[in-house]
Amino acid sequence: MGDSADDNGRLDEEAAASIRAALARVLASDAFSAAPQLSAFLSFVVDRAIEGRSAELKGYTIAVEALGRPADFDPQADPIVRVEAGRLRRALMQYYAGEGQADPVRMSMPVGGYVPAFEFGVPGAEASGPDAVIGAGDAQDTRESPEGTDQAARRWPQAALAALACALLALFAWYLGPFAGRQVTQSGPAPQPPPTLAVQEQPLAAVQPVAVAIVTPRLPDDPKIADTLRRVSEVFVDVMARFDDLFVIKAPSPGTPAPEGVDYVFEISIASTNGVLEGFGRLRSARDGRIVWTSSASRPAGEFLQDQDLADIGRRIGTRLAEPFGIIHADFRQNASSSPAMQCVFQAFDYRRFMTPERREAIRTCLEQIVQRDPEFYPAWAQLALLGAGEAVAGDDADQRPTLDRALSAALVAMRLAPSGARAQQAMMDVLFLRGSVGDAIKAGREALNRNPYDPDIMADLGSLYVRLNRPAEGLPLLERAISISPGRPPWYDFYAYIAAYLSGAKRLSETYASVLAADSTPFSLIGQALQAGATGDVAKRDAALRELAERSPRFEADPRHYLARKGFTDEVVQRMLADLGLPGR
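So, a few notes on the structure that sits alongside this text. Nothing here was measured: the structure is a model prediction, and the numbers come from that model. (Residues numbered from 1 in each chain as written. Predicted model: local features only at pLDDT ≥ 70, side-chain atom pairs only at ≥ 80, totals over all residues. Heavy atoms only, no water.)

### Remarks on the packing of aromatic side chains
Then comes step 1: The final tally for this structure, using the stated rule, is 14 aromatic pairs.
Then comes step 2: Each ring, one from Tyr95 and one from Tyr96, has its centre 4.9 Å from the other, and the planes form 70°; the classification is edge-to-face.
Then comes step 3: A residue is classified by how much of its surface remains accessible, and Tyr95, at 6% relative accessible area, is buried.
Then comes step 4: Measuring from ring centre to ring centre gives 6.1 Å for Tyr498 and Tyr502, while their planes differ by 20°; the resulting arrangement is stacked. One end of the pair is Tyr498 and the other is Tyr502, both in helix H18 (residues 491-504) and 4 residues apart, which spans about a single turn.
Then comes step 5: Here Tyr502 falls in the buried class, since its relative accessible area comes to 8%. (Phe/Tyr/Trp six-rings, centres within 6.5 Å; stacked < 30°, edge-to-face > 60°. Buried < 20%, exposed > 50% of the residue type's maximum accessible area, 1.4 Å probe, protein only. Helix = DSSP H or I, 4+ residues; strand = E, 2+ residues; numbered from the N terminus.)

Spelled out as structure tokens, the structure:
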């Protein structure tokens, strides 16, 4: 190609060849070979950078030319490019922490844009000077630049990274200061968490999400059946990968065994037998060989499923396995012993199930131990933010601001460490809502759901926010969807669904959710039982539920209005609930 105005920043042939070879290695890795959209994104931006056309790397161009969106694509209305860019950054970080740790060329995409950067230098080799870092927008080849220009080009990214590191360290130090102080200033021994929550000393490499391999043991000979299997597998991998605070997903090529070092293997197969098409799924513990869960389905071989049907199958199974209260969560929490850090994260979700105060301090202790050992472990920061929001709601301090300030700090750290993380956005939603920034909270919640539309905890959390704001028509569909895909869900999902139906005047629907709450004795469920008894005129049953609630939650008995308002219910909703509970003057 001849030189043109677009080619002024093109890299020289040697650098371009090295980068293309590095790109090929990345695209052949487990994570990228199973993610065609990420591969297309990365290939496009790298090619444009090599050609010196970095100025073209805008959201619209990437969406249309790399991701196949139509020409009328609106980047303001559809955040697909931002979402995929975040996934790409995290996928590259995971690749270079694993398969690609010895690659001589590393590529990254700095936050805030879509222009890739390339770092040259063989890891482990003696360096005669700083590693060369080429930003894709650099106009010159760094090896031929004048010395002053070359040093400046290398120095500014290092300075920017150093500034970011200092900012993060300041947040870490501020957040963890009281935790460290407790260890030094206590006159007696520090309270120890239960043994299952203790974070043992281990290499930092072990502080990572649970590794799951998605394996196709054998590709069917029939091309139609093979295509069906491929399409289901692609959706399944995409669903699982959205839960990036819980899992690292590996998808080796069909017919190849699961890679070493994974925690679980999920095998998918489809076969045609005697005119019947049979599909099988099996989750196996890679550490001890246990069969954790199986699923199967069959239909006449001639009835090939449509794309939507295949996508629904992949989404349903993937969500059932990966959601925070799903199959892998339950098994890992009970049986795994190799990753105390992830045990702590899963236990933090269990705390969100019932919100028992006796577990709160143990959860906080183990999460703070994790971030002390590995300040870059994003899932622990997200859980600390969610825990802080819960503490602000449940606490008895008149001023919630110190607790919410610390929760906000943790949420900000989580978002900086994982810009594409759905859980960080969920945590930010909870904190902003309690701080009174309702509009920003809703925006964060919608962004969290956009990044992971399969997570019932995000659905229910956002749905509960709408309900507390007296917007049940917006909250109820989210809550119903969350309930339908999470058999092991926390009781508060059903409580907020009940309140949404109650506020909407949907009598039959409220009775349905009230029947679920009748089997539970958490404070929220008791409030629901009392409201339902009041609605049906059963005063004795209402008062019995309120007496039990007073025993379990003295704060409600002392000041029910403050108790409900502190959880974010609007004055209008609080007034109606208190009236129906027979407590209008409290």
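### Some words on the environment of Phe266
Then comes step 1: With respect to the helices, strands and loops of the structure, Phe266 is situated in strand E6 (residues 264-273).
Then comes step 2: Looking at Phe266, the relative accessible area reads 2%, which means it is buried.
Then comes step 3: Measuring from C-alpha to C-alpha, the distance between Phe266 and Val215 comes to 6.0 Å, with 51 residues separating the pair along the chain.
Then comes step 4: Look past the residues within four positions of Phe266 in its chain and what remains in contact with it is Ala213, Ile214, Val215, Phe236, Gly281, Arg282, Leu283, Trp293, Ile317 and Leu321. (Contact = heavy atoms within 4.5 Å.)

### Considering the state of the cysteines
Then comes step 1: Here the structure, examined in full by the defined rule, presents 1 disulfide.
Then comes step 2: Between Cys344 and Cys366 runs a disulfide, and the two sulfur atoms are separated by 1.9 Å. Given an S-S torsion of about 75°, the disulfide between Cys344 and Cys366 has right-handed geometry. A residue pair is termed long-range when its members are at least 10 positions apart, and Cys344 in helix H10 (residues 340-354) and Cys366 in helix H11 (residues 357-373) qualify at 22 residues.
Then comes step 3: Among the residues examined, Cys366 registers a relative accessible area of 0% and is labelled buried. (Disulfide = S-S within 2.5 Å.)

### Looking at the pattern of salt bridges
Then comes step 1: For the structure on display, the rule yields 32 salt bridges.
Then comes step 2: When the shortest N-O distance is used, the salt bridge between Glu368 and Arg364 registers 3.3 Å. Of this pair, Glu368 and Arg364 both sit in helix H11, 4 residues apart, which is roughly one turn of that helix.
Then comes step 3: On the basis of relative accessibility, which here comes to 9%, the residue Arg364 falls in the buried class. (Salt bridge = Lys/Arg side-chain N within 4 Å of Asp/Glu carboxyl O.)

### So, unusual backbone geometry
Then comes step 1: A positive phi angle, close to 65°, is found at Asn470, a residue other than glycine.
Then comes step 2: Topologically, Asn470 is positioned in the loop between helix H16 (456-468) and helix H17 (472-485).

### Re H16
Then comes step 1: Compared with an ideal rise of 1.5 Å per residue, which puts 13 residues at 18 Å, H16 spans 18 Å between its outermost C-alpha atoms and is within 8% of the ideal.
Then comes step 2: In terms of burial, H16 is largely enclosed, as 13 of its 13 residues are buried.
Then comes step 3: Capping the start of H16, Asp455 holds a side-chain oxygen 2.9 Å from the backbone nitrogen of Asp457, two or three residues further along.
Then comes step 4: Asn470 sits one or two positions beyond H16 and adopts a positive phi of about 65°. (Expected span 1.5 Å × (residues − 1). Polar contact = N/O pair within 3.5 Å; in protein donor to acceptor, adjacent residues only side chain to side chain.)

### Observations concerning the pairing of E6
Then comes step 1: Across 4 bridges, strand E4 (residues 210-215) lies against E6 in parallel orientation. From the neighbouring strand, Ile214 faces E6, where its bridge partner is Phe266.
Then comes step 2: From the end of E6 to the start of strand E7 (residues 276-285), which pair antiparallel, there are 2 residues, and Asn274 there has a positive phi angle of about 55°. (Pairing = 2+ DSSP bridges.)

### Thoughts on the nonpolar core
Then comes step 1: By size, the foremost hydrophobic cluster in this structure holds 121 residues, and its most contacted members are Phe247, Ile499 and Ile527.
Then comes step 2: In terms of residues, this core owes the most to one element, helix H12 (residues 378-394), which gives 11 residues.
Then comes step 3: When residues no more than four places from it in sequence are discounted, the contact partners of Ile527 are Phe495, Leu549, Phe556, Tyr563, Leu564, Met577 and Leu581.
Then comes step 4: With 37 residues, the next largest nonpolar core counts Ala22, Val26, Leu38 and Leu88 among its residues. (Core = buried A, V, L, I, M, F, W, Y, C linked by side-chain atoms within 4.5 Å.)

### Remarks on the pairing of E4
Moving residue by residue along a regular strand, the side chains alternate between the two faces of the sheet.
Then comes step 1: Taking burial as the measure, the 6 residues of E4 include 6 buried ones, the bulk of the element.
Then comes step 2: A two-sided burial pattern is seen for E4, the buried positions comprising Val210, Val212 and Ile214 on one face and Ala211, Ala213 and Val215 on the other.
Then comes step 3: Relative to strand E5 (residues 247-250), E4 is paired through 4 bridges, and the arrangement is parallel. Within the sheet, the bridge partner assigned to Ala213 lies in E5 and is Lys250.
Then comes step 4: For the handedness criterion, the β-α-β arrangement of E4, helix H7 (residues 223-242) and E5 is classed as right-handed. (Right-handed = clockwise from strand over helix to strand, strands pointing away.)

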